[in-house]
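Breakdown of the fold
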Amino acid sequence: MKARGAVLSRRGAYQAPVENWTELAVGEVVEVVRRAQVVARGTVEEVSLSGNVLWILPQGPQDRQLCLKSDGVIVRRG
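Residues numbered from 1 in each chain as written. Predicted model: local features only at pLDDT ≥ 70, side-chain atom pairs only at ≥ 80, totals over all residues. Heavy atoms only, no water.

Comments concerning the packing of aromatic side chains
Within this structure, the stated rule accounts for 0 aromatic pairs. Seen from the ring of Trp55, Arg64 lies directly overhead, with NZ or CZ sitting 3.9 Å from the centre. (Phe/Tyr/Trp six-rings, centres within 6.5 Å; stacked < 30°, edge-to-face > 60°. Lys NZ or Arg CZ within 6 Å of the ring centre and 35° of its normal.)

So, the environment of Trp55
Mapped onto the elements, Trp55 comes out in strand E3 (residues 53-58). In the structure, Trp55 is positioned 13 residues away from Gly42 in sequence and 9.5 Å away in space, judged by C-alpha atoms. Once you skip the residues sitting within four places of it in the chain, Trp55 turns out to touch Thr43, Val44, Glu45, Glu46, Arg64, Gln65 and Leu66. (Helix = DSSP H or I, 4+ residues; strand = E, 2+ residues; numbered from the N terminus. Contact = heavy atoms within 4.5 Å.)

Here's the deal with the confidence of the model for the chain
Residues with a pLDDT of 70 or more make up 82% of the chain, whose mean pLDDT is 86. Within the model, the stretch residues 6-12 combines pLDDT values under 50 with 5 contacts to residues more than four positions away or in other chains. (pLDDT = per-residue confidence, 0-100.)

Okay, structure coming up:
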């Protein structure tokens with residue numbers, strides 16, 4: 001049996017959500033998860049000072065997306 005630390009450190013394993021969105025840097029790649037499904041993936045364009053609003057630029061032809069913490073989404077580094 002593998003040690004617990006070895007399993008959790010593997011790429012593609014569970015990624016911890018970013019609780020404080022103000023810790024995200026512009027240009028950082030993130031995933032937005034709602035109800036255990038990735039609903040958006042892209043780079044951080046802007047984060048509000050309060051850390052409750054996040055703008056991301058999706059990979060592809062879509063326009064930028066607004067994410068609100070109050071919508072119950074989870075953001076994790078991707």
